[in-house]
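As a plain string of letters, each chain reads:
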Amino acid sequence: MPLVDSLPCMTAPIDPRDGQANIPQQPAPAQTQPAEPTPAAGPPQRPARRWPWVVAAAAVVLVVAGGAAWALMPGDEGEAVDRCQAAVSDKLKSPSTAEYGDVTVTSEDGNFGTYYVVTGEVDAQNGFGATVRGEYRCKVNRESDGNWLVVESSFTQR
């Protein structure tokens, strides 16, 4: 048996520089894209109604800007709240940390002017630096000559 028959057959790869490697390429078929529909000419469309969103945004701005309910009250009730909260702040250990909320104002006319009863809640730091919540109540008098007087004020820590 000859030695050549036992060797495996080996072939050389095609060299791209060789003339056999130059196979002409067929151009790729052109792909057509579907035509986009053109909008029909007509009257311009109306913009969406935005007034409900504008009203809602304005309401949010008013609430945030007001800060407290008493800021939206008429003049005399707002003044009664201011006088009451000033009197309550004098009773706190750390009045600069006071945050007032949930204010209620009622009024009644008396012999010497109008009385306002102001009640609400306040969060403030105690003597140890811990924030505590308390309830306050004041009776404020707007006298007939226009002067204001805090008749009574109380603060109860919960």
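The shown structure was predicted, so the numbers you read here are calculated from the model rather than taken from an experiment.

Conventions we followed
- Residues numbered from 1 in each chain as written.
- Predicted model: local features only at pLDDT ≥ 70, side-chain atom pairs only at ≥ 80, totals over all residues.
- Heavy atoms only, no water.
- Pairing = 2+ DSSP bridges.
- Helix = DSSP H or I, 4+ residues; strand = E, 2+ residues; numbered from the N terminus.
- Axes fitted to C-alpha atoms, helices over the stretch in contact; angles between N-to-C directions.
- Contact = heavy atoms within 4.5 Å.
- Phe/Tyr/Trp six-rings, centres within 6.5 Å; stacked < 30°, edge-to-face > 60°.
- Buried < 20%, exposed > 50% of the residue type's maximum accessible area, 1.4 Å probe, protein only.

Comments concerning the pairing of strand β3 (residues 131-143)
Here's step 1: In terms of strand pairing, strand β2 (residues 113-125) meets β3 through 13 bridges, oriented antiparallel. Bridge pairing in β3 links D123 to R133.
Here's step 2: Between the antiparallel neighbours β2 and β3 lie 5 residues, among them G129 with a positive phi of about 90°.
Here's step 3: Of the strand pairs in this sheet, β3 and strand β4 (residues 148-157) are connected by 9 bridges, and their pairing is antiparallel. Looking at β4, one finds that E135 is bridged to T156.

Focus on the sheet that holds β4
Here's step 1: Spatial strand order, β1-β2-β3-β4: 4 strands in an open sheet with antiparallel pairing. Two strands in the sheet have a free side with no partner beyond their single neighbour: β1 (94-110) and β4. The average angle at which neighbouring strand axes cross in this sheet is 20°, direction not considered.
Here's step 2: Relative to the sheet, helix α2 (residues 75-91) contacts β1, β2, β3 and β4, its axis offset from that of β4 by approximately 55°.

A closer look at the packing of aromatic side chains
Here's step 1: By the definition in use, this model includes 2 aromatic pairs.
Here's step 2: Taking 5.5 Å as the distance between ring centres and 90° as the angle between the ring planes, the aromatic pair formed by Y100 and Y136 counts as edge-to-face. Separated by 36 residues along the polypeptide, Y100 in strand β1 and Y136 in strand β3 bring together distant segments of the chain.
Here's step 3: Taking the relative accessible area as the measure of exposure, Y100 reaches 21% and is therefore partly exposed.

Topic: the pairing of β2
On a regular strand, each side chain points to the face opposite its neighbour's, so the side chains alternate between the two faces of the sheet.
Here's step 1: With 10 of 13 residues buried, β2 is to be regarded as a mostly interior element.
Here's step 2: Pairing geometry for β1 and β2, over 11 bridges, is antiparallel. Its bridge partner being in β2, Y100 is matched across the sheet by V122.
Here's step 3: Here β1 hands over to β2 after 2 residues, the two strands then running antiparallel side by side.

Note that every value here comes from positions in space, so none of it alone points to a role or purpose.
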